[in-house]
Amino acid sequence: MAHPSQLGFQDAASPIMEELLHFHDHALMAVFLISTLVLYIITTMMTTKLTNTNAMDAQEIEMVWTIMPAIILIVIALPSLRILYLMDEISDPHLTVKAIGHQWYWSYEFTNYEDLVFDSYMLPTQNLAPGQFRLLEVDNRMVVPMESPIRMLISAEDVLHSWAVPSMGVKTDAIPGRLNQTTFIASRPGVFYGQCSEICGANHSFMPIVVEAAPLSHFQKWSSSMLEA
């Protein structure tokens, strides 16, 4: 999860998030090179008297500063389109989970199981155990098996919500009357935190999301205990 004074993204916990981090660095390098070139030109024009006004009408320069931005846009757009298609691709998910946003908590339905349904509320500060995070911990975590494709079906019961887990590279709107779909694969075990990313009302900041990725054996024990409860 994020830590104080952090400037970058959270560590990637899924292949999609790793791709997004690579694309961020790629695009940032292009922006850095453009900014450096523009700053150099501005500084040169302001500090030297050797600027030739005839250069403003040169056809060669016109060609360069028309073609170069087009090339830069293509270099940025192609990786972006690739990641968009990867994020939209869902093939043979091992588990399907339906997340429903309410004011102000989440409900989860594991559609592969008949009765595995539960609500997930934020833990009050006075109920936190040592080491748990204030405003981020919940009473029932969403446990999923690691290294397995997970399909999320996301909707809302009342107003707009948004199911977002930054380290998974997932952020999907929960819209009443509509079922949105996304997917992720937890590449390592751990506990990953998120929050509703839509301004959904007075307690918008008090409906966190906690995804626990665990080995398959642990997930089977958890699902059995939830079904027996």
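Per chain, residues are indexed from 1 in the order of the written sequence. Whole-chain, interface and lining totals are the exception, using all residues; otherwise, since this is a predicted model, local features are given only for residues with pLDDT of at least 70 and side-chain atom pairs are given and counted only at 80 or more. Side-chain metrics in this entry use all non-hydrogen atoms of the structure; hydrogen atoms and water are not considered.

(A) Geometry of a nonpolar patch on the surface. Judged by side-chain polarity, L37, Y40, I41, M45, V64 and M68 come together as a nonpolar surface patch covering roughly 600 Å² of accessible area. Every element with two or more residues in the nonpolar patch is listed here: α1 (15-47) and α2 (59-88). Labels follow the DSSP assignment, with helices taken as runs of H or I lasting at least four residues and strands as runs of E lasting at least two, numbered in each case from the N terminus. Among the elements that take part in the nonpolar patch, α1 stands out by supplying four residues, more than any other. Structurally, V64 is set in helix α2. Only protein chains enter the accessibility calculation, which uses a 1.4 Å probe; a residue whose area is less than 20% of its type maximum is buried, one above 50% is exposed, and one in between is partly exposed. Here V64 falls in the partly exposed class, since its relative accessible area comes to 45%. Patch membership is restricted to residues that have no salt bridge and whose relative accessible area is over 30%. Joining uses 9 Å for like charges and 5 Å for the nonpolar side chains Val, Leu, Ile, Met, Phe, Trp and Tyr. For the accessible areas, the method is Shrake-Rupley and the probe is 1.4 Å, while residue cover comes only from the protein chains on display. Think of a salt bridge as a Lys or Arg side-chain nitrogen and an Asp or Glu carboxyl oxygen that are within 4 Å of each other.

(B) Spotlight on the packing of α1 against α2. Between α1 and α2, the shortest axis-to-axis distance is 11 Å and the interhelical angle comes to 170°. When the axes of α1 and α2 are compared, the pair comes out roughly antiparallel. As for how α1 packs across α2, the hand of that crossing is left-handed. Contacts between α1 and α2 involve I16, E19, L20, F23, H26, A30 and I34 from the first element and I72, V75, I76, P79, S80, R82, I83, L86 and M87 from the second. Three classes are used, and their members are as follows: Ala, Val, Leu, Ile, Met, Phe, Trp, Tyr, Cys and Pro are nonpolar, Asp, Glu, Lys and Arg are charged, and the others, Gly among them, are polar. Residue composition of the contact of α1 with α2, grouped by class: 12 nonpolar, two polar and two charged. Angular values range over 0 to 180 degrees, each being the angle between N-to-C directions of two axes fitted as lines to C-alpha atoms, with helices fitted over their stretch in contact. Geometric relationships in this document are graded by angle, where less than 35 degrees denotes roughly parallel, more than 145 denotes roughly antiparallel, 65 to 115 denotes roughly perpendicular, and other angles denote oblique. The handedness criterion is simple: a crossing whose near helix is rotated anticlockwise from the far helix by less than a right angle is left-handed, and one whose near helix is rotated clockwise is right-handed. Contacts between residues were defined by any pair of non-hydrogen atoms, one from each residue, lying within 4.5 Å.

(C) Just the environment of V159, in detail. Its place among the elements puts V159 in the loop between β5 (149-156) and β6 (161-165). Accessibility expressed as a relative area gives 28% for V159, which makes it partly exposed. A C-alpha to C-alpha distance of 50 Å links V159 and V64, two positions 95 residues apart in sequence. Beyond its immediate chain neighbours, meaning those up to four positions away, V159 contacts Q103, A174, P176 and C200.

(D) Local environment of the packing of aromatic side chains. We call Phe, Tyr and Trp rings a pair once their centres come within 6.5 Å, taking the six-membered ring for Trp, and we label the pair stacked below 30 degrees between planes, edge-to-face above 60, and tilted otherwise. Across all of its chains, the model carries 10 aromatic pairs by this definition. Measuring from ring centre to ring centre gives 6.3 Å for Y113 and F219, while their planes differ by 70°; the resulting arrangement is edge-to-face. Of this pair, Y113 sits in the loop between β2 (105-110) and β3 (117-120) while F219 sits in helix α3 (residues 216-228), and the two are 106 residues apart along the sequence. The exposure class assigned to Y113 is partly exposed, which follows from its relative accessible area of 28%. Through pairs of rings, three or more aromatic residues link up here, namely Y108, F110, Y113, F118, F219 and W222.

(E) Spatial organisation of the domain arrangement of the chain. Segmentation of the chain into domains, including their bounds, is taken from an automatic or database domain assignment. When its domains are assigned, the chain resolves into domain 1 (15-88) and domain 2 (95-228). For domain 1 and domain 2, the distance between their C-alpha centres works out to 39 Å. Counting residues at the interface gives five residues for domain 1, matched by seven residues for domain 2. Its largest share of buried area at the contact with domain 2, domain 1 owes to P15, M17 and M87, together 74% of the area lost on that side. The interface formed by domain 1 and domain 2 includes zero salt bridges. Take the side of domain 1 that touches domain 2: its biggest share by element is four residues, from α1. For any pair of parts, buried area is found by adding up, for both, the accessible area (1.4 Å probe) each one loses once the two are put together.

(F) Main features of α3. To estimate how far a helix should extend, the number of its residues minus one is multiplied by 1.5 Å. Compared with the 18 Å implied by 1.5 Å per residue over 13 residues, the 18 Å span of α3 between its first and last C-alpha is a close match. Among the residues making up α3, those that are buried are F219, W222 and S223. For α3, the arc enclosing every buried residue in end-on projection is 95°, short of the 170-degree limit, so these residues lie on one face. Facing away from the buried surface of α3 by more than 90 degrees, the exposed residues are K221 and E228. The directions from the helix axis to the C-beta atoms are what the arc is built from.

(G) Molecular detail of the pairing of strand β9 (residues 190-196). Pairs of strands are assigned from DSSP output, requiring at least two bridges between the strands. Bridge count between β6 and β9: two bridges; the pairing is antiparallel. Bridging from a neighbouring strand, A164 pairs with Q195 of β9. Note: β9 against strand β10 (residues 208-214), six bridges, orientation antiparallel. Bridge pairing in β10 links Y193 to V210.

(H) The arrangement of the UniProt feature "transmembrane region" (unreviewed entry) in the chain in detail. UniProt positions are given in the numbering used here, feature names are shortened, and annotations may be inferred rather than shown by experiment. Following the UniProt record, the feature "transmembrane region" (unreviewed entry) maps to residues 26-43 and 63-85 here. Taken end to end, residues 26-43 comprises 100% helix and 0% strand; its first and last C-alpha atoms sit 26 Å apart. Here residues 63-85 is 100% helix and 0% strand, with 33 Å between the C-alpha atoms at its ends.

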